[in-house]
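Residue-level structural notes
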Amino acid sequence: MPPVVIDNPILNSPFREPTSHFQFDQDGITNQIAVGRRRSTYFMPIARPKVHRGQLALPGGEEEVRDNDFINRVREHVSAWRTTNYRGVTPVTRDLLDYWNDPTREKPLFFCQIEALETAIFLAEIAGRTQPWIESHLREENLAKNPGLYRIAFKMATGSGKTVVMAMLIAWQALNKLANAQDKRFSDTFLLVTPGITIKDRLQVLRPNLPGNYYAERDLVTPDQLQALQAARIEITNFHAFLRHDTLQAASLTKKVLAGPDGDLDAFKETPEQMVRRVCRTLGTKRNIVVINDEAHHCYQSAPQTEEEALLAEERADAKANEEAARIWLNGLRAVAGKIGIRAIYDLSATPFCLRGSGFREGTLFPWVVSDFALIDAIESGIVKIPRVPVSDDSMAGDLPTYRDLWVRIREWAPRKGRAAEKIEGE
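What counts and how
Residues numbered from 1 in each chain as written. Predicted model: local features only at pLDDT ≥ 70, side-chain atom pairs only at ≥ 80, totals over all residues. Heavy atoms only, no water. 1 Å grid on protein atoms, 1.4 Å probe; cavity = no way out; pocket = protein on both sides within 12 Å on 5 of 7 lines; lining within 4 Å. Points joined across faces, edges and corners; volume = space filled by probe spheres on them. Helix = DSSP H or I, 4+ residues; strand = E, 2+ residues; numbered from the N terminus. Nonpolar A, V, L, I, M, F, W, Y, C, P; charged D, E, K, R; others polar. Pairing = 2+ DSSP bridges. Polar contact = N/O pair within 3.5 Å; in protein donor to acceptor, adjacent residues only side chain to side chain. pLDDT = per-residue confidence, 0-100. Contact = heavy atoms within 4.5 Å. Buried < 20%, exposed > 50% of the residue type's maximum accessible area, 1.4 Å probe, protein only. Axes fitted to C-alpha atoms, helices over the stretch in contact; angles between N-to-C directions. Parallel < 35°, antiparallel > 145°, perpendicular 65-115°, else oblique.

A word on empty space enclosed by the protein
Where empty space is left in the structure can be found by rolling a water-sized probe over the atoms. For the structure shown, the criterion picks out two cavities of 30 Å³ or more. By volume, the largest cavity amounts to about 40 Å³. Lining the largest cavity are Ile71, Val74, Arg75, Val78, Glu115, Thr119, Val370, Ser371 and Asp372. Mapped by element, the contributors of at least two residues to the lining of the largest cavity are α1 (69–82), α3 (111–130) and β10 (369–373). A total of four residues in the lining of the largest cavity trace back to one element, the largest contributor, which is α1. Tallied by class, the residues present in the lining of the largest cavity amount to four nonpolar, two polar and three charged. Reported here for the second largest cavity is a volume of approximately 30 Å³. Taken together, Ala153, Phe154, Ala296, His297, Asp347, Leu348, Ser349, Pro352, Phe366 and Trp368 make up the lining of the second largest cavity. Counting only elements with at least two residues in the lining of the second largest cavity, the list comes to β5 (151–156) and β9 (342–349). The element that contributes the greatest number of residues to the lining of the second largest cavity is β9, accounting for three residues. Here the lining of the second largest cavity is built from residues that sort into seven nonpolar, two polar and one charged.

This is how it looks when you write it as structure tokens:
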């Protein structure tokens, strides 16, 4: 099929709900424009047929498109509620929504950012009275996939402003709690968990007392609200902090001797309660906190691997590392829930999908995702840069460009064993 040429992929304003989109067919995206917003969908890889030893398996694979029925239903209810001017919310929430939606703002917020907060607000303040099936669905899925935890996830394309959404979540939760300490729907204490030190450092903009914080820089709250936010407690860490530290500094052999015949080396590590006390020490005596997981696709509970998901050696190593990181992250959150309580867990990720080797079918969307603004939506709204792929090559061999069969053309003379020690011509 000839490549599809789209001269201008931007169809919508980044500040309003999308009103049109490019259509897909069985071969991929087309240049045909459809009226209305694209439904939330995801691409499920189709399992490759098994091949016998010696057979050549073609690279890549086919995909099938599936509707995210749950997300689409939630989106419809949130959209209908939006037309009521957010009926039923608290006065603090209404002030924030009015401020974020003010058409005279010098720094307007993206529609996808406001929609993520609308969805969180709808679930916390409205859906329990009007759409109880949503919470029932989420609790059922979390019980199956995240026992002991209640998670809500937002899927947002990379570059669409997830950190701003985190700041909006903190402002909404904290200001409501500070205005009414008895309202159990909210908290003014937050634990933000990231997959690495770099992201942890980047999230320091979520501390309202630091220069350059997003509440002021992105004009998310009024000066009075920013002053009130100083009372909120925010701890930012990475999941590695959930690793239980050694309480006895000794050689491994010494520990084995001291452990005796049972060999219980856990006796020389922190208890889960001690670990939580260390990680959350800056939160004081606060209980029932809000957890925000950044890049939350790293945080999942794996299932037993099926025969159809048999992995290669390199894939097994990656899957094992991913599973260990996820286990530490999830067990840490469960320890926090058991020790001080968790009011809500908000996950943010551009790719909240099951990974290969997780025990679930690769590409399966996390069932606790409630809001979706995908990469193609961000491109059509002019929010993110357009990815470029090679579409032509001057070096032709037959009817196809050389790069299409690169391995076939180089494998006969490519170096094999000992290539690191062989002298290269021209040296």
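Details of the pairing of strand β2 (residues 28–35)
Relative to β2, strand β1 (residues 20–25) runs antiparallel, the two sharing five bridges. Bridge pairing in β2 links Phe22 to Ile33. The turn joining β1 and β2, which pair antiparallel and follow one another in sequence, is formed by two residues.

Some details on the side chain of Asp183
Counting through the fold element by element, Asp183 comes out in the loop between α5 (162–179) and β6 (189–194). Within the structure, the side chain of Asp183 is placed 2.8 Å from the side chain of Arg185, a separation counted as a polar contact.

Things to note about the confidence of the model for the protein
Summing up the model confidence of the protein, the mean pLDDT is 83 and the portion of residues at 70 or higher is 74%. Here strand β11 (residues 396–397) stands out as the element of the protein with the lowest mean pLDDT, 52, in contrast to helix α2 (residues 91–101), whose mean of 98 is the highest. Every residue in residues 50–61 scores below 50 in pLDDT, and together they form four contacts with partners more than four places removed in sequence or on other chains.

Overview of the pairing of β6
Most of β6 sits out of view: six of its six residues are buried. The two faces of β6 match: Thr189, Leu191 and Val193 on one face and Phe190, Leu192 and Thr194 on the other face are all buried. Relative to strand β7 (residues 233–238), β6 runs parallel, the two sharing six bridges. Bridge pairing in β7 links Thr194 to Asn238. In terms of strand pairing, β6 meets strand β8 (residues 289–294) through four bridges, oriented parallel. Bridging from a neighbouring strand, Leu191 pairs with Val291 of β8.

Description of the packing of α3 against helix α4 (residues 132–145)
One can describe the packing of α3 onto α4 by two numbers: an axis separation of 6 Å at closest approach and a directional angle of 115°. If you check the angle between α3 and α4, you find them roughly perpendicular. Every residue of α4 that contacts α3 at Phe122, Leu123, Ala127, Gly128 and Thr130 is listed here: Pro132, Ile134 and Leu138.

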